[in-house]
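Read off the chains here:
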Amino acid sequence: MITRLKMFKYWTDNIIAQGLMLVVMLLASSVSASIQGQIVANSPTTPSVAIKIGDEIATLQFDVQGAQSFRVELVVPVEGASVQLFDPQGNMVTDANDPKTQFIAGAELDVANPLPGGIFLLPEQLQPQSGQWQAVVRFPTATYDTVVMSTVFMRSNLQVGMAIARTEYLVDEVAPLAVIILDEGLPIAGVSPEFTITDPDGLNTVLTAQDNGEEADAQKADGIYSIDFLLSKPGQYKVSMAVDINTGNGVVRRTDGMMLDVKSPFIDVNDITYDKVLDSTGCVEAINAKVNLEVLEAGQYVVNLDISDSERKLLSNKNVSLPVGAAVIHLSYSRDELKANLNKTSQYQLTKFWVNKVDSEGLHLAALLPDHVLSTGTTYADLCRDDIEIMPEITEEPVLADGYYSGIDVSFPVFVKQSGRYQVSLKAFAVDNTDLGLITFSADLTAGDNAVVFNVNNKALVKADGPYRFVGLLVTKGRVSARQNLLGETRAYKKEQFMPVYTKVFDAQKYALERSNWQTSPVAPSDNTRVGGYLRSGSSIPYDYETLLTFSPEISGSHVLEAKLIIEVGESSLMTPFNSIEVFNQNKHTLDGQAVSYDDFCQSFNVCPAWDQRLGTIPAAMANNSYVVESELLIHLVKQWVEDENSNQGIILTASPYERSYFATITHAKLEVKYAQLP
């Protein structure tokens, strides 16, 4: 809305000033004004229409083709206006009093300086007919010249647009013309987009683009239709594109266009040569290129030449002031630049050459050799190499131990001229910049390329999470050394992955929470507890026949990974469907050692709050069976116990039979915990 209000202010500020000019341009009549516009899919378009003194109606026509929806916003700087919208059949789809039409008065936008008229926001039209739509604006007789401006937003699954790399070319260049044609982002096959190229003399050439992966088209069936066109004359070329697309709503036509500016070259390129600078051992220290030019128009120029390894490029350029006539430009690529930017395998070639002319209007293409290729006969091996060269890249692999990682093996490439024992040192840091310590070791390296391997053990890595970063690398042998500030970093790790993993089983102390224990305090552990009777389901209903399990997981300082509660059921008279056993966290009473009584968990004889922290359920408990309860809630609870022993108040087992005389015996219970321990 803020943007819309700013646009209204901008338009109305300029309406009066531009009114007469627009009247002439749009050829508005004395009693009505209209303009027809082509609406671009998925992009707002702003048709406008002039209003002259004496007008009472203004009509905007716009073409809708294959749209899923569209909506119209109009800025009408005339008081008392109304808007109607008509479909291609002439049917009124939005009348002047449509309640869905929103109006924002100009006085609301600027209270200090009220603006005439306001903004009309017409309701969105879904699945509109294709064809000419009209927005008709009616108003009292105009007493001043002004302009109605609109914005039409059209949404379509069809995406069609020209894709031309540049708008500025040189004579005798080939312009690759392309159009992207998609339906919901997927290529549309089998269409025939036509390009009409109008040259500077007004002659038309019609070409049909293809999506067959041949000649100008790079890839088959990717929705990009392409064709090449030779620009043989200087001047302005108009490129228009039209394509008919079959849809479920009939044939939809899409059009697009642009202008190309074609100029005669300002510079002729005679030839490009090179020479190599060698050191005393025959290694290449630099590659120098020499460009012989014929300058046709004096001026300020930027001369550019790429050297490439077929994958990557290194640009050398020079800003020069050139008079008319012959000129020689020298461009250079140093050994360090070549080593840092190009790869180690391919031969280096001087490739694309171009010159830009610099003037007050910016950069203009002055000369171009796009397909120029000149081999230098040089590879990475021909460059002068240092005594020690470190490649800033690592490979890493965790070392798998018994259920955890005992460390990470890291390797990086190093070139040395001389075989021998080298000293290596570097620092390791975690993702939060925790210092993991200094790593030092010796490595026997042979002349040439080597892979240096070192290990970071888990005692360092358990300090913090990764990715782990290796910096400050120093490789030395006698007086020869090489440094690398950042060597690389690993993938992401959790510190717990580097902790030894153990599994322990803790037997439960079982307590029977039954009426028979009322007079016994503290209650002693029992080997034969049970669940049943009836479920404690509300604070006004006392409970009975529940089992309290307590554990002592003495694994302080560890990280709990898994927790399983294993419950063994003995004799049982519980019957389907009332034979589920519920498992709860005991959160009602803080245990005092082993002093547990029935009344500890009730507020009074008839007030015993229900358990409310369920950890899991055994849905159909049968006699003489063993059951495993696992859940994230159970793991979280055991983690709490490990971190805070005072939070360990035990686990409750209860049941929900249909009659209080049915029970299930809990013969045994144990807690199996898998955890990682600091090494």
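A quick note: this is a predicted structure, and the numbers were derived from the prediction, not measured. (Residues numbered from 1 in each chain as written. Predicted model: local features only at pLDDT ≥ 70, side-chain atom pairs only at ≥ 80, totals over all residues. Heavy atoms only, no water.)

Colleague: Go over the overall build of the chain with me, naming the residues and quoting the values.
Modeller: Helices and strands together make up the secondary structure of the chain, namely five helices and 46 strands. Across the 679 residues that make up the chain, the buried fraction comes to 46%. For the chain, the share of sequence-separated contacts (at least 6 apart) that also reach a separation of at least 24 residues comes to 72%. Here the chain displays about 33600 Å² of accessible surface, and carbon together with sulfur accounts for 49% of that area. (Helix = DSSP H or I, 4+ residues; strand = E, 2+ residues; numbered from the N terminus. Buried < 20%, exposed > 50% of the residue type's maximum accessible area, 1.4 Å probe, protein only. Contact = heavy atoms within 4.5 Å. Areas by Shrake-Rupley, 256 points an atom, 1.4 Å probe, with all protein chains shown as cover.)

Colleague: Give me the pairing of strand β5 (residues 82-86): which residues, what numbers.
Modeller: Taken across its five residues, β5 has four buried, putting it largely inside the fold. In this structure, β5 lies alongside strand β10 (residues 131-138), joined through five bridges in antiparallel fashion. In the strand pairing of β10, Gln84 is matched with Val136. Here β5 hands over to strand β6 (residues 92-94) after five residues, with Gly90 in that stretch at a positive phi of 85°. (Pairing = 2+ DSSP bridges.)

Colleague: Give a detailed account of the confidence of the model for the chain, specifying residues and quantitative values.
Modeller: Here the chain shows a mean pLDDT of 85. Residues at 70 or above account for 88%. pLDDT under 50 marks residues 1-41. Its contacts with residues more than four places away, or in other chains, come to 82 contacts. (pLDDT = per-residue confidence, 0-100.)

Colleague: Quick rundown of the nonpolar core? Include the residues and the values.
Modeller: The tendency in soluble globular proteins is for nonpolar side chains to be buried side by side. Among the nonpolar cores identified, the biggest contains 35 residues, and Ile390, Phe412, Leu426, Phe454 and Phe470 are the most heavily contacted of them. Those elements that provide at least two residues to this core are β29 (388-390), β31 (405-416), β32 (420-429), β33 (435-445), β34 (448-457), α4 (458-461), β35 (469-477) and β36 (480-489). Ignoring anything within four residues of it in the chain, the contact list for Leu426 reads Gly437, Leu438, Ile439, Phe441, Phe454, Phe470, Val471, Gly472, Leu473 and Leu487. Membership of the second largest hydrophobic core comes to 34 residues, among which are Val560, Leu574, Val629 and Ile666. (Core = buried A, V, L, I, M, F, W, Y, C linked by side-chain atoms within 4.5 Å.)

Colleague: Quick rundown of the packing of aromatic side chains? Include the residues and the values.
Modeller: If you walk through the whole model with that rule in mind, you get 14 aromatic pairs. For the ring pair Tyr468 and Phe498, a centre distance of 6.1 Å and an interplane angle of 65° mean the geometry is edge-to-face. One end of the pair, Tyr468, is in the loop between α4 and β35; the other, Phe498, is in the loop between β36 and β37 (501-507), with 30 residues separating them in the sequence. You can call Tyr468 buried: its relative accessible area is 0%. (Phe/Tyr/Trp six-rings, centres within 6.5 Å; stacked < 30°, edge-to-face > 60°.)

Colleague: So what about the sheet that holds strand β22 (residues 284-295)? Which residues, and what values?
Modeller: Taken in spatial order, the three strands make up an open sheet running β21-β22-β25, and their pairing is antiparallel. Each of the sheet's edge strands pairs with one partner strand only, and the pair in question is β21 (267-278) and β25 (325-334). Each neighbouring strand pair of the sheet contributes to a mean axis angle of 20°, computed without reference to strand direction. Sheet topology places β21 next to β22; 11 bridges connect them, and they run antiparallel. Bridging across to β22, Ile267 finds its partner in Val295. (Axes fitted to C-alpha atoms, helices over the stretch in contact; angles between N-to-C directions.)

Colleague: Which residues make up the environment of Val251, and what values go with them?
Modeller: In this structure, Val251 sits in strand β20 (residues 250-263). When the C-alpha positions of Val251 and Gln65 are compared, they lie 8.9 Å apart, and in sequence the two are 186 residues distant. With residues up to four places along the chain from it excluded, the contact list for Val251 reads Gln65, Asp244, Ile245 and Asn246.

Colleague: Quick rundown of the sheet that holds strand β40 (residues 546-550)? Include the residues and the values.
Modeller: The sheet built from five strands is open, its strands ordered β38-β40-β45-β42-β43 with antiparallel pairing. Both outer strands of the open sheet, β38 (509-513) and β43 (614-618), are each paired with one neighbouring strand and no more. Averaged over all adjacent pairs, the angle separating strand axes in this sheet is 20°, with direction ignored. Of the pairings in the sheet, the one linking β38 to β40 comprises five bridges and is antiparallel in character. Among the inter-strand pairings, Lys510 is bridged to a residue of β40, identified as Leu549. Helix-sheet contacts for helix α5 (residues 632-643) involve β42 (581-585), β43 and β45 (651-655), and the interaxial angle to β43 is about 135°.

Colleague: Any chance you could break down the pairing of β45 for me, citing the residues and the numbers?
Modeller: Of all five residues in β45, five are buried; the element is thus mostly enclosed. Pairing of β40 with β45 involves three bridges; the strand directions are antiparallel. The partner of Thr547 across the bridge, within β45, is Leu653. In this structure, β42 lies alongside β45, joined through five bridges in antiparallel fashion. Bridge pairing in β45 links Phe584 to Ile652.

Colleague: Lay out unusual backbone geometry with the relevant residues and their values.
Modeller: Going from Gly466 to Pro467, the amide bond is cis rather than trans, its omega being 10°. Note on placement: Pro467 falls in the loop between α4 and β35. Despite not being glycine, Asn433 has its phi angle at roughly 70°, a positive value. When you line up the elements, Asn433 lands in the loop between β32 and β33. A positive phi angle, near 55°, is found at Asn624, a position not held by glycine. Considering the arrangement of structural elements, one finds Asn624 in the loop between β43 and β44 (625-629). For Asn624, a relative accessible area of 63% translates into the label exposed.

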